[in-house]
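Commentary on secondary and tertiary structure
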Amino acid sequence: MFTTDYTDNHRETQNYFMKILANISRLLVALVFLFSGFVKGVDPLGTAYRIEDYFIAFGMDWANPLSLFLSIFLCAVEFTLGAALLFNLRLKYLAWPLMLMMVFFTVLTLNDALYNPVPDCGCFGDALKMTNWETFYKNVVLIILVAIIFFYRDKYQSMFLPRIDYFAIMVIFAMFSYFSIHQYRHLPWIDFLGWKKGADLVPDNPGLAKTYLTYRHKISGETKEYLSPNYPWNDSVWMAEWEFDSQRIDDSGVIKGHSLKIFDAEGNDFTETFINNPGYQFLVASYSLGTSSAKGFEKIDKLYGNVMNDGHSFVVLTGSLEDEIRSFRQGLNPDMEFYNADDVELKMMVRANPGVILLKDGVVMEKWHWRDLPDYSELKEEFEGL
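What comes next is a walk through the structure. (Residues numbered from 1 in each chain as written. Predicted model: local features only at pLDDT ≥ 70, side-chain atom pairs only at ≥ 80, totals over all residues. Heavy atoms only, no water.)

A count of helical and extended segments in the protein chain gives 12 helices and 8 strands. Taken against the 2.2 N^0.38 rule, which gives 21 Å for 386 residues, the C-alpha radius of gyration of the protein chain at 27 Å runs more than 25% over that of a compact globule. Residue burial in the protein chain is summarised as follows: out of 386 residues, 43% are buried. In the protein chain, of all internal contacts separated by at least 6 residues, the share reaching a separation of at least 24 is 71%. Accessible surface, the protein chain: about 21,500 Å² in total, of which carbon and sulfur atoms supply 60%. Taken together, the 33 basic and 48 acidic charged side chains of the protein chain have centroids lying 9 Å from each other. (Helix = DSSP H or I, 4+ residues; strand = E, 2+ residues; numbered from the N terminus. Rg over C-alpha atoms; globule rule 2.2 N^0.38 Å. Buried < 20%, exposed > 50% of the residue type's maximum accessible area, 1.4 Å probe, protein only. Contact = heavy atoms within 4.5 Å. Areas by Shrake-Rupley, 256 points an atom, 1.4 Å probe, with all protein chains shown as cover. Lys, Arg positive; Asp, Glu negative; His and termini not counted. Charge placed at Lys NZ, Arg CZ, Asp CG, Glu CD.)

Bridge analysis of strand β1 (residues 210–217) against strand β3 (residues 242–250) gives 8 bridges, and the strand direction is antiparallel. Following the sheet pairing, K210 is matched in β3 by D250. Here β1 hands over to strand β2 (residues 223–227) after 5 residues, with G221 in that stretch at a positive phi of 80°. (Pairing = 2+ DSSP bridges.)

Considering soluble globular proteins, one finds that nonpolar side chains tend to be buried as a cluster. V29, F33, L81, L85 and L98 are the most contacted members of the largest nonpolar core, which has 25 residues in total. Elements with a minimum of two residues in this core: α1 (2–41), α3 (67–87), α4 (91–115) and α5 (132–151). Counting residues per element, this core draws most heavily on α4, at 7 residues. Beyond its immediate stretch of four places on either side in the chain, L81 contacts F33, L94, L98 and M101. (Core = buried A, V, L, I, M, F, W, Y, C linked by side-chain atoms within 4.5 Å.)

Moving on, we get to the sheet that holds β3. Across the sheet, which stays open at both edges, the 3 strands sit in the order β2-β1-β3 with antiparallel pairing between neighbours. Since the sheet does not close on itself, it has two edges, and those belong to β2 and β3, each with one partner. The average undirected angle you get between the axes of adjacent strands in this sheet is 25°. (Axes fitted to C-alpha atoms, helices over the stretch in contact; angles between N-to-C directions.)

Examined bridge by bridge, strand β5 (residues 313–318) and strand β6 (residues 337–340) share 4 bridges and lie parallel to one another. When the bridges of β6 are listed, L317 appears paired with Y339. In the classification by handedness, the crossover that spans β5, the intervening helix α10 (residues 322–328) and the parallel β6 is right-handed. (Right-handed = clockwise from strand over helix to strand, strands pointing away.)

Here the structure, examined in full by the defined rule, presents 30 aromatic pairs. Ring centres 5.8 Å apart and planes at 80° place the aromatic pair Y215 and F244 in the edge-to-face group. Pair noted here: Y215 is in strand β1 and F244 is in strand β3, with a separation of 29 residues, a long-range link. Arranged with centres 6.4 Å apart and planes meeting at 50°, the rings of Y226 and Y231 form a pair that is tilted. A relative accessible area of 19% places Y231 in the buried class. Feature note: the residues Y215, Y226, Y231, W238, W242 and F244 constitute an aromatic cluster, connected by ring pairs. (Phe/Tyr/Trp six-rings, centres within 6.5 Å; stacked < 30°, edge-to-face > 60°.)

Read from one edge of the open sheet, 5 strands run β6-β5-β4-β7-β8, paired in mixed fashion. The outermost strands of the open sheet, each flanked by one partner alone, are β6 and β8 (363–369). The mean angle between the axes of side-by-side strands here comes to 25°, regardless of whether they run parallel or antiparallel. In this structure, strand β4 (residues 280–286) lies alongside strand β7 (residues 355–360), joined through 6 bridges in antiparallel fashion. Of the residues in β7, the one forming a bridge with L283 is I357. Relative to β5, helix α9 (residues 294–309) is tilted by about 150°, and along the sheet it contacts β4, β5 and β7.

This part covers the packing of α4 against α5. Across the interface, α4 lies against α5 with an axial gap of 9 Å and an inter-helix angle of 160°. If you check the angle between α4 and α5, you find them roughly antiparallel. Of the two elements, α4 crosses α5, and the hand of that crossing is left-handed. Taken together, the residues of the contact of α4 with α5 sort by class into 18 nonpolar, 5 polar and 1 charged. (Parallel < 35°, antiparallel > 145°, perpendicular 65-115°, else oblique. Left-handed = near helix turned anticlockwise from the far one by under 90°. Nonpolar A, V, L, I, M, F, W, Y, C, P; charged D, E, K, R; others polar.)

Following both chains from N to C, one finds α3 and helix α6 (residues 162–185) inclined at 140°, their axes separated by 9 Å at the closest point. Relative to α6, the element α3 lies oblique. The way α3 lies across α6 gives a crossing that is right-handed. Facing L68, I72, F73, C75, A76, V77, F79, T80 and A83 of α3, the residues of α6 in contact are I169, I172, F173, F176, S177, S180, I181 and Y184. Its residues assigned to classes, the contact of α3 with α6 comprises 14 nonpolar, 3 polar and no charged.

In C-alpha cells, the structure reads:
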C-alpha cells in the first residue's frame, strides 16, 4: 500500500513538473516566434532580399521571383505558430510543422555558421543583428524547447472548441498576411534601417576606431596584445625579443552615419555634396530602373519640376548602368540628374523602388514610398523654408 502510494505520488510530481516545463517551453517559443515573425513581417521586402541572398548562394537564381511571396508566407506562418503556441491552439497538430521548421532552419544555420554562404541570415530582420554562430546556438536552444513541446503535444488542452481554434488560426494567418502586404505596398511602420526618419548621417563626434597590435616572443611563443601606440616600440631590447604577429581594429565605438557612395558617370564622388547639403536635399533611390514603378517615376517627375522651381537639389540614385539610365530617362524631365550608387545600399535606404528621401544638413527629415508621395504644396506646409 505504501509502495503504491509512493509510486502514485512520484508519478504525479513528475507529471506536474513536466506540465510546467512544457508550458514554459510553449510560452518561450511563442514569444520568440511572435517577435521574429513580426519584425520580419513588418519589413517583407527586406526579408525577401535575404531570401534572394540564399537563392543566389545556393545557385537558385531562377527562384528569385518567389522571394516576396515566400517572405510574406513564411512570416505569416511563423507569427501564426507563435500565436497558436501562446493561446494553446491545436498544438497536437501544429507541433508537427513547428518541429519540421525548426529542424530545417537549425540545419540551414549550421551550414551558415560553418561555410558562411550568407553573412546575415536575418532571422530577426534588421531589428536584431546576430552572427551566424549566434543564430545557430539560438536555434539549438529553440529546438530543445520545441522537442519538449512536440513530445508533450497530446497533453496540451485548448480552452476552445476545435472549430474555434481552426477559425482563429486561419484569421490570424490571413490578418498577418494582409498586414505584411500593406507594409510592402507602403513603408514599414517600424523602420529598423540606418536611414530612418531623424537619423543623423553625419554625426558631429563619430568617435575613433582602436587598433590593437599583437606581438609574439621569438623564443617562448608567448603573445601579448597592446592598444596602439601603447607598446614599448622605443625599447630596443624588447623589440629584439618580440616580433609583430597580427593586428585587429575595434570600431564598436564608432558612430557610423552611412556607407553610401555617390558617383557620376565619370566616376567623380558627389557623396558629400548631397549628404552634407545644408539646405533641403531630395534623393530618389531606385536600385534598379528596369524593375522600378513607372507610376512612381511619373509622380517623381512632377515633384521634380516643383522642387527645382524653388531652387532645391533633387537627384536620382540608381544601381543601373549608364546605357539603361540613358534609355530610362526618355520621357522624364531632361534636366533630372542621375547618379550611381551601390544597389545594396539603395535597398537599405528605403524599402521602395523608387523611394524618396528628404535630407537637410545630413539629417533624414522624411522618407516616402512612391505610393505615399505627397503633393509639393503639402510638403511646403510641413517643412519650413521648403
